[in-house]
Amino acid sequence: MKKEITLEQAVAMIKDGMTVMIGGFLGVGAPEQIVDALSKSGVRNLTVICNDTAFPDKSLGKLVVNRQIKKLIVSHVGTNPETGNQMNAGELEVEFSPQGTLAERIRAKGAGLGGVLTATGLGTLVAEGKERITVDGKEYLLEKPLGADIALLGASVADESGNLVYKGTTQNFNPVMATAADIVIAEASEVVPVGAIAPEAVHTPGIFVDYIYKRS
């Protein structure tokens, strides 16, 4: 199957009301061109799973400013004042998940697990409404898996089969998100022939990647 698609084709797969995972950390390692195009598409009522909401003028921060997101599942929002404004006004639902817990919840979905047990968040607002499980006399929160309809990833290099390489800190949430969505679209700076990436250099195997958009 030919995996390379256009920017227009990538954005057309994202519909109103979908749950979308978006890789990146303050925009680093994010699929910026896809997100920019999505911000102009008019798609609404998205549930977005991400580490943060970047900045008002960068990456998925633009989706917040445009009010295209109805719910965020996120570890922090401090770098984007608009996120806090909408949250405090009751216009945007925000579910906070500690960063490590967020990553593990996504990983749990990809691994087919029923959740993860963690002591992080006990005694805080994070614990409200969550099941508590005691193991060997120690209490943990049961954090349930997180999956999505679509994951949008930012990669440094992709081959034509979808094997991905992330350079430096661009790796962040991208590898775990690749395992936890029904459809995975990778935006790559470079697309190379199969075999050009050494097997041991692959961060995300192509079996997880459905489509590739080559960054222009």
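Residues numbered from 1 in each chain as written. Predicted model: local features only at pLDDT ≥ 70, side-chain atom pairs only at ≥ 80, totals over all residues. Heavy atoms only, no water.

On to the pattern of salt bridges. Counted under the stated rule, the structure contains twelve salt bridges. One salt bridge connects glutamate 32 with lysine 58, and the closest N-O pair in it is separated by 2.9 Å. Of the two residues, glutamate 32 is situated in helix H2 (residues 32-39) and lysine 58 in the loop between strand E2 (46-49) and helix H3 (61-65); the sequence distance between them amounts to 26 residues. Within this structure, Lys71, Glu93, Glu95, Arg105, Lys130 and Glu143 form a network of salt bridges that share partners. (Salt bridge = Lys/Arg side-chain N within 4 Å of Asp/Glu carboxyl O. Helix = DSSP H or I, 4+ residues; strand = E, 2+ residues; numbered from the N terminus.)

Time to look at the pairing of strand E3 (residues 69-74). Two strands pair when backbone bridges link them, and E2 and E3 are joined in this way by four bridges, in the parallel orientation. From the neighbouring strand, leucine 46 faces E3, where its bridge partner is isoleucine 69. Pairing analysis gives four bridges linking E3 to strand E4 (residues 93-96), with the strands arranged parallel. Bridged to valine 74 within E4 is phenylalanine 96. (Pairing = 2+ DSSP bridges.)

Looking now at the nonpolar core. In this structure, Ile14, Ile22, Leu46, Leu72, Leu152 and Ile185 are the most contacted members of the largest nonpolar core, which totals 28 residues. For this core, the secondary-structure elements that each account for two or more residues are helix H1 (7-12), strand E1 (19-22), H2, E2, H3, E3 and strand E8 (148-159). Not counting the four nearest positions on each side in its chain, leucine 152 is found in contact with Ile14, Val20, Met21, Ile22, Gly23, Pro31, Ile34, Asn174 and Ile185. Membership of the second largest hydrophobic core comes to 24 residues, among which are Leu102, Tyr166, Phe173 and Met177. (Core = buried A, V, L, I, M, F, W, Y, C linked by side-chain atoms within 4.5 Å. Buried < 20%, exposed > 50% of the residue type's maximum accessible area, 1.4 Å probe, protein only. Contact = heavy atoms within 4.5 Å.)

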